[in-house]
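# Observations on chain architecture
As a plain string of letters, each chain reads:
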Amino acid sequence: MLSLLQISVLVILLAAIANGTPIEKRHDKFIVHELERTEVNLQKRTPSEQQNFFDTGNRWSTKLKLGSSQEAVRVILDTGSYRLNVPGLGATCAKQTCAADAVFHPDRSSTFKNLTEGSDSGYGDGSAITKGYKVNDDLYFDDGRKIPDFEFDVSTVSATEIGLFGVGDTDDEKSNYVFASKHAGLINRAGYSVYLGPNDQGTLLLGGVDKAKYEGELAIFQSEQNINAKSITTPSGKVLPFTKVVGFDTGNNGLSLDKSIVDEVYIELGGSPWGQFLCDRVLNTGRNLTFDLGPINISVPLSNFFYRTKVQPAVCNTFIFDDSNTGGLQGIGLPFLRDVYFVKDLEKKTIGIAPVKHTDDTDIVDFWF
Ligand SMILES: *[C@@H]1O[C@H](CO)[C@@H](O)[C@H](O)[C@H]1NC(C)=O
Ligand SMILES: *[C@@H]1O[C@H](CO)[C@@H](O)[C@H](O)[C@H]1NC(C)=O
Ligand SMILES: *[C@@H]1O[C@H](CO)[C@@H](O)[C@H](O)[C@H]1NC(C)=O
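Thresholds applied
Residues numbered from 1 in each chain as written. Chains lettered and ligands numbered in written order. Predicted model: local features only at pLDDT ≥ 70, side-chain atom pairs only at ≥ 80, totals over all residues. Heavy atoms only, no water. Helix = DSSP H or I, 4+ residues; strand = E, 2+ residues; numbered from the N terminus. Buried < 20%, exposed > 50% of the residue type's maximum accessible area, 1.4 Å probe, protein only. Areas by Shrake-Rupley, 256 points an atom, 1.4 Å probe, with all protein chains shown as cover. Pairing = 2+ DSSP bridges. Salt bridge = Lys/Arg side-chain N within 4 Å of Asp/Glu carboxyl O. Polar contact = N/O pair within 3.5 Å; in protein donor to acceptor, adjacent residues only side chain to side chain. Disulfide = S-S within 2.5 Å. Axes fitted to C-alpha atoms, helices over the stretch in contact; angles between N-to-C directions. Near = heavy atom within 4 Å. Nonpolar A, V, L, I, M, F, W, Y, C, P; charged D, E, K, R; others polar. Core = buried A, V, L, I, M, F, W, Y, C linked by side-chain atoms within 4.5 Å. Domains from an automatic or database assignment. Contact = heavy atoms within 4.5 Å. pLDDT = per-residue confidence, 0-100. Phe/Tyr/Trp six-rings, centres within 6.5 Å; stacked < 30°, edge-to-face > 60°. Arc of directions from axis to C-beta.

## Some details on the overall build of the protein
- Each helix and strand counted, the protein has five helices and 28 strands in total.
- Burial analysis of the protein (369 residues in total) assigns 54% to the buried set.
- Surface accessibility of the protein: about 16,600 Å² in total, with carbon and sulfur atoms responsible for 52%.

This is how it looks when you write it as structure tokens:
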């Protein structure tokens, strides 16, 4: 039997829903980082020299505030690695001078600690190496809250042009930004959502899911990183099955797929074996590549995967690569992720994906799955 109290609460709830005013803020234990699409010159995923394609260098970056002076350091969001790695003073970045806003100055922080333990990371096929030292310092958010004594790496030699903000899976919770935010009491669940919006602006939402930013229901995958996706359907309707797992990676500006899939796509679209296409066949055709991920199909415009070359504007290069440059690991990167809302829960080891809805509206809730 319903008590009177329950009934009145129910009535208030219904009234509140009816006129659209929330009864209370649904969720406020989250952190928003603005993301910006950024041109960078990366060694990270560039292939060995005999392969005839190059990295156009679009990634998504944000600024983190490091140390007692809250120095803003620009970093690339990378769901494919798990540590924060920033170049220190005097470091080289992709064999060149590091961008000024990407360099961290430990001497400006009174809370900096050098753990003096070397920390080298390999990226891509392992040939791009970042060398540095483990350190710890406070990491601040815009509202002044912080993760105290966060462990990260300050590099002396960086394979990438700016630092990498790895938010992927790890067992080492103290050096993982997502887990560290939870341990600092800033979020309830060690998870995040990525929204790559139009106009080169997006958000990394830590500790929440923005229900306004996707269509339909999130498809949920029980997985730490890689999933058993089913197939890719080409514009002509050819179904190319995945023969091995794939991972989602914001640090990859393309699709790194098994050579058998890449070859079929190139042939169907009239590409050369080196990945050059007539732009008329691949840009603005209204056609899609459809990814059958199992519980959900995601159709992505073909145009996402190609770009005009500067020297011959009628000729397009592609972001679809064979996975030899990622050590044989299939990776689905930005051309796909731009068209989905991507949720990752490091704690329960789940991934959520739904078609993106581009809107300024927000409806941020806590993780419910
Ligand atoms: C950390 O300590 C190592 C070993 O002493 C040193 O080589 C390195 O320059 C130090 N790094 C920073 C950022 O202080
Ligand atoms: C491509 O995908 C979009 C979005 O799902 C859909 O509206 C459109 O009809 C698809 N185009 C073709 C040719 O299937
Ligand atoms: C995805 O598309 C395939 C091929 O059209 C279809 O067989 C499958 O049922 C679809 N999956 C979902 C979840 O709609």
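## Details of the sheet that holds strand E18 (residues 255-257)
- Strand order in the open sheet formed by five strands is E14-E17-E25-E18-E24, with mixed pairing between adjacent strands. For this open sheet the edge positions go to strand E14 (226-227) and strand E24 (320-322), each flanked by a neighbour on one side alone.
- Where E18 meets E24, three bridges bridge the pair, whose relative direction is parallel. Bridging across to E24, leucine 257 finds its partner in aspartate 322.

## Section: the pattern of salt bridges
- Inspection of every chain in the model, using the stated rule, returns 23 salt bridges.
- Of the charged contacts in the structure, one is a salt bridge between aspartate 200 and arginine 37, with a shortest N-O distance of 3.8 Å. With aspartate 200 in the loop between strand E10 (191-196) and strand E11 (201-206) and arginine 37 in strand E1 (residues 31-39), this residue pair connects regions lying 163 residues apart in the sequence.
- We classify arginine 37 as partly exposed; its relative accessible area is 26%.

## Digging into the side chain of arginine 59
- Looking at the secondary structure, you find arginine 59 in strand E2 (residues 58-66).
- Within the local environment of arginine 59, its side chain forms a polar contact with the backbone oxygen of glycine 251, the two atoms lying 2.9 Å apart.

## Observations concerning the state of the cysteines
- For the coordinates displayed, the defined rule picks out two disulfides.
- Across a sulfur-sulfur distance of 2.0 Å, cysteine 93 and cysteine 98 are joined as a disulfide pair. Sign of the S-S torsion, about 90° for the bond between cysteine 93 and cysteine 98, identifies this disulfide as right-handed. Just as cysteine 93 is buried, cysteine 98 falls in that class too.
- Sequential numbering of the bridged cysteines in the protein gives the disulfide pattern 1-2, 3-4.

## So, the sheet that holds strand E21 (residues 297-301)
- Pairing in this open sheet of four strands is antiparallel, and the strands run E16-E15-E20-E21 from one edge to the other. Strands with a single pairing partner mark the edges of an open sheet, and in this sheet they are strand E16 (239-241) and E21. Strand-to-strand twist in this sheet, taken as the mean axis angle between neighbours without regard to direction, amounts to 20°.
- Where strand E20 (residues 288-292) and E21 come together, five bridges link them in antiparallel fashion. Across the sheet, residue leucine 289 finds its bridge partner in E21, namely valine 300.

## Overview of the site of ligand 1
- In the vicinity of ligand 1, the contacting residues are Pro106, Phe112, Asn114, Thr116, Tyr133 and Val154.
- A distance of 2.3 Å is found between an oxygen atom of ligand 1 and a side-chain nitrogen or oxygen belonging to asparagine 114.
- When ligand 1 sits alone it has 360 Å² of accessible area, and the protein chains cover 54% of it.
- Classifying every residue of the shell around ligand 1 gives four nonpolar, two polar and no charged.

## Examining the nonpolar core
- Of all hydrophobic cores here, the largest spans 72 residues; its most connected members are Tyr177, Phe291, Leu293 and Phe336.
- When residues of this core are assigned to domains, at least three fall in each of domain 1 (31-206) and domain 2 (209-365).
- The contact partners of tyrosine 177, leaving out residues within four places of it in the chain, are Ile31, His33, Leu139, Phe141, Ile147, Phe150, Phe165, Val167 and Leu206.

## A word on the site of ligand 2
- Around ligand 2 sit Gly286, Asn288 and Ser299, and those are all the residues in its vicinity.
- In this structure, a nitrogen atom belonging to ligand 2 sits 3.4 Å away from a main-chain N or O atom of glycine 286.
- Measuring from an oxygen atom of ligand 2, one finds a side-chain N or O atom of asparagine 288 at 2.3 Å.
- Compared with its free state, where it exposes 370 Å², ligand 2 has 29% of that area covered by protein.

## With respect to the confidence of the model for the protein
- Averaged over all residues, the pLDDT of the protein is 87; the fraction at 70 or higher stands at 88%.
- In the model of the protein, helix H1 (residues 4-18) stands out as the element of lowest mean pLDDT, 38, in contrast to E20, which has the highest, 98.
- pLDDT under 50 marks residues 1-24. Its contacts with residues more than four places away, or in other chains, come to five contacts.

## What about the packing of aromatic side chains?
- Enumeration according to the criterion identifies 15 aromatic pairs in this entry.
- Seen from their ring centres, phenylalanine 277 and phenylalanine 306 are 4.9 Å apart, and the 70° between their planes marks the pair as edge-to-face. Taken together, the positions of phenylalanine 277 in strand E19 (residues 276-278) and phenylalanine 306 in strand E22 (residues 306-308) put the pair 29 residues apart, joining distant regions of the chain. Across the pair, phenylalanine 306 and phenylalanine 277 agree in class, each one buried.

## Quick look at helix H3 (residues 259-268)
- Among the residues of H3, those classed as buried are Ile261, Val262, Val265, Tyr266 and Glu268. Along H3, the residues classed as buried sweep out an arc of 165° about the axis, all on the same side.
- With its phi angle positive at about 70°, glycine 270 sits one or two positions after the end of H3.

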